[in-house]
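Descriptive analysis of the structure
So the chains spell out like this:
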Amino acid sequence: MTVTDLRGPHVVLLATGGTISSRASQAGGGAVASDTGDQVVASMVTPASHPVRVVDVFRKGSYLLTVDDMVVICARIKEALADPQVLGVVVSHGTDTMEETAYLVDLTHDDPRPVVFTGAQQAADAESPDGPDNLSRAIAVAGSAEVRGRGVLVVFAGRIFRAAGVRKGHTTRLDAFANPDFGTAGSVSGTGDIRLQEGPSGYEALPLPDGGAGSPRVDLVAVHPGADSALLRASLQAGADGIVLQGTGTGNANKEICAAVAEAVAAGVVVVTSTRVEAGPVVPVYGDGGGADLRAAGAIPSGLLRPSQSLILLSLLLRLGAPGDRIAEVFARHGKPL
Ligand code: ASP
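Residues numbered from 1 in each chain as written. Predicted model: local features only at pLDDT ≥ 70, side-chain atom pairs only at ≥ 80, totals over all residues. Heavy atoms only, no water.

**Digging into the pattern of salt bridges**
One pass over the structure, following the stated rule, counts 17 salt bridges. Close ionic contact of Glu79 with Arg76 constitutes a salt bridge, the shortest N to O distance being 3.4 Å. With Glu79 and Arg76 both in helix H2 (residues 67-81) and 3 residues apart, this pair spans about one turn of that helix. Taking the relative accessible area as the measure of exposure, Arg76 reaches 23% and is therefore partly exposed. Arg217 is paired through a salt bridge with Asp219; the nearest N and O atoms lie 2.9 Å apart. Arg217 sits in the partly exposed class, given a relative accessible area of 37%. By relative accessible area, which is 14% here, Asp219 ends up buried. Here the residues in one salt-bridge network are Arg159, Arg173 and Asp175, joined through shared partners. (Salt bridge = Lys/Arg side-chain N within 4 Å of Asp/Glu carboxyl O. Helix = DSSP H or I, 4+ residues; strand = E, 2+ residues; numbered from the N terminus. Buried < 20%, exposed > 50% of the residue type's maximum accessible area, 1.4 Å probe, protein only.)

The following block contains the structure:
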């Protein structure tokens, strides 16, 4: 871990890798996370609006992160915030799973100081990388007093999003993120001027599990036309403690999958129904293997949570040893708009 010491008020950058730090590995080779946090900071064209202390946590693509790695990032954030001189934290992170890590931090964040995730769509050695500008805007947001109490945010291409509900909405465009159910929380200009919309302050934080809590297995199983229960059963056989079902529409499956869900629930596995649809809540409406039958089989509707963030909430609750009825209650609360 690299720590550059600073005494006065400052922002901490936790560098974890991702495209913002990536370069081609060799002529014609794929891009890999290579730059340290100091190098990422040095790439900024606009001087940082607050002094920055850099902590290198990982140097890897976010498609490689596990939920355990994400718990480590949460712990590093808490360590950084233990210093009263820290105004806020920026996490530079790959975009692929930023919605997962940012949501896990949001669920467990109990400090008014901002935590801001950012990254890049163009690698550090691209002709015009977007990472340096994203980073300078994220630092401006993390150091700003007016952002206190707004929880965990994603700052990308000048837009500010709440972590809850945020998702990567485009594979290649520079404005890669969207929050279809809640919209943007504000914007930040290239010179660090921040506009925030009125927003909710968030839920009471859940505890962060300690390292000894074990790593429950949570699988994501997709429903599709003609899907049978083979993948769900394979997941059970692999020892799943929890399963997120990516249903169709309002959260539907079919009779065979419903029967397998009922067996899973009877065996003590927690099943959550989410949906592959971009926006809107999971609503248990249909019979014949649809969402109403899934709920009758014991599956918990995810509300507004997409599969990615459902998996994070379920993984956290299982790590905390929450029983099924408590898990249902937390999903009912977190799956609704604030
Ligand atoms: N495309 C990704 C990124 O933006 C790769 C990753 O998630 O690390 O960083």
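**A few points about the packing of helix H8 (residues 307-319) against helix H9 (residues 324-334)**
Here H8 crosses H9 at 145 degrees, and the two axes come no closer than 11 Å. The handedness of the crossing between H8 and H9 comes out as right-handed. Contacts between H8 and H9 pair Ser310, Leu313, Leu314, Leu317 and Leu318 from the former with Ile327, Val330, Phe331 and His334 from the latter. A breakdown of the residues in the contact of H8 with H9 according to their chemical character gives 7 nonpolar, 2 polar and no charged. (Axes fitted to C-alpha atoms, helices over the stretch in contact; angles between N-to-C directions. Left-handed = near helix turned anticlockwise from the far one by under 90°. Contact = heavy atoms within 4.5 Å. Nonpolar A, V, L, I, M, F, W, Y, C, P; charged D, E, K, R; others polar.)

**Describing the sheet that holds strand E11 (residues 186-188)**
Pairing is mixed across the open sheet formed by 8 strands, whose spatial order is E4-E1-E5-E6-E7-E8-E11-E12. What marks the edges here is a single partner per strand, and that holds for strand E4 (52-56) and strand E12 (194-196). Each strand axis lies, on average, 25 degrees off the axis of its neighbour in the sheet, ignoring direction. Pairing between strand E6 (residues 115-118) and strand E7 (residues 152-156): 3 bridges, direction parallel. Paired with Val115 across the two strands is Val152, which belongs to E7. Against the sheet, H2 makes contact with strand E1 (10-15), E4, strand E5 (86-92) and E6, and its axis sits at roughly 155 degrees relative to E5, the strand it touches most. (Pairing = 2+ DSSP bridges.)

**A closer look at the packing of aromatic side chains**
Under the criterion given, the structure shown has 1 aromatic pair. It is Lys60 that lies over the ring of Phe58; its NZ or CZ is 4.9 Å from the centre. Positioned over the ring face of Phe182 is Arg162, at 4.5 Å from the centre of the ring. (Phe/Tyr/Trp six-rings, centres within 6.5 Å; stacked < 30°, edge-to-face > 60°. Lys NZ or Arg CZ within 6 Å of the ring centre and 35° of its normal.)

**Let's talk about H9**
The α-helix winds at 3.6 residues per turn, so residues separated by three or four positions along the chain end up facing the same way. Listed in full, the buried residues belonging to H9 are Ile327, Val330, Phe331 and His334. The buried side chains of H9 occupy one side of the element, clustering within an arc of 100 degrees when seen end-on. Along its buried surface, H9 packs onto helix H3 (98-108), strand E15 (270-275), strand E16 (300-301) and H8. (Arc of directions from axis to C-beta.)

**So, the site of the ligand**
Gly18, Thr19, Gly61, Ser62, Tyr63, Gly94, Thr95, Asp96, Ala120 and Lys168 make up every residue found near the ligand. Here an oxygen atom of the ligand and a backbone polar atom of Thr19 are 2.5 Å apart. Relative to its free-state accessible area of 260 Å², the ligand is covered by the protein chains to the extent of 89%. Tallied by class, residues from the shell around the ligand come to 2 nonpolar, 6 polar and 2 charged. (Near = heavy atom within 4 Å. Polar contact = N/O pair within 3.5 Å; in protein donor to acceptor, adjacent residues only side chain to side chain. Areas by Shrake-Rupley, 256 points an atom, 1.4 Å probe, with all protein chains shown as cover.)

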